[in-house]
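The chain contents come next:
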Amino acid sequence: MKLQLFPELGCEFILQDNEFWHNDGMVSDLQQWKYRLDVHYDDNSLPLAEESTGHCSQYWWGRENHVHFAYRDLGNPLLNLFVVAHESTHGLTILNQEEVLQSELTRAGFNEDLMSLDPETKANVSGLCALLRRGTGLVPAISLVTARLHVPDDIGMYFNCS
Ligand SMILES: [Zn+2]
């Protein structure tokens, strides 16, 4: 049993001995990063789309369950933070660790049951909460991410703050 910190949202979760969390950070070539992992783990998954801003992948190595995520530089620290939180959340979904997120998200003004949302919405809500924790107001945070990323502009309906 290992404790893993999720710094973007200020919470931590428990990994089983066979679970491994790899934040591979900012990479210059996301497709290349993914390709190298596929080769390393002998996994034949599809290549990433050219326009991907970040990615989270799960790989099995015998009994070991490895979650890797990375992102490319979007030229804006807040957008990068959003993508890291978004991809980390996919990692938490893969590892069935979403319940640790709920209370952090609720503290940031999120007013829904996380489990009722689809994976992309969960990841977007979590990304938005990372920006709110950083002091970005809800309206500016939504404007920023909907202008630059594939985030639906009704994401604000899950929040009761402004
Ligand atoms: Zn996603």
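Each value, and the rule that gives it
Residues numbered from 1 in each chain as written. Predicted model: local features only at pLDDT ≥ 70, side-chain atom pairs only at ≥ 80, totals over all residues. Helix = DSSP H or I, 4+ residues; strand = E, 2+ residues; numbered from the N terminus. Expected span 1.5 Å × (residues − 1). Buried ≥ 20, exposed ≤ 12 C-beta atoms within 10 Å, placed from the backbone. Pairing = 2+ DSSP bridges. Contact = placed C-beta atoms within 7 Å.

Under the 1.5 Å per step criterion, the end-to-end length of helix H2 (residues 77-94) is 26 Å for 18 residues, consistent within 8% with the ideal 26 Å. Among all positions of H2, only Leu79, Phe82, Val83, Val84, Ala85, His86, Glu87, Ser88, Thr89, His90, Gly91 and Leu92 are buried. Looking one or two places after H2, you find Asn96, whose phi comes out positive at around 55 degrees.

Where strand E4 (residues 54-61) lies against strand E5 (residues 64-71), eight bridges are found, and the strand directions are antiparallel. What sits directly across from Trp61, in E5, is Glu64. What sits between the antiparallel neighbours E4 and E5 is a turn of two residues, in which Gly62 has the positive phi angle 65 degrees.

Here Val83 is to be found in helix H2. A tally of 28 C-beta atoms within 10 Å means that Val83 is categorised as buried. Along the sequence, Val83 and Thr121 sit 38 residues apart, while their C-alpha atoms lie 13 Å from each other. Ignoring anything within four residues of it in the chain, the contact list for Val83 reads Thr53, Gly54, Tyr71, Leu74 and Gly127.

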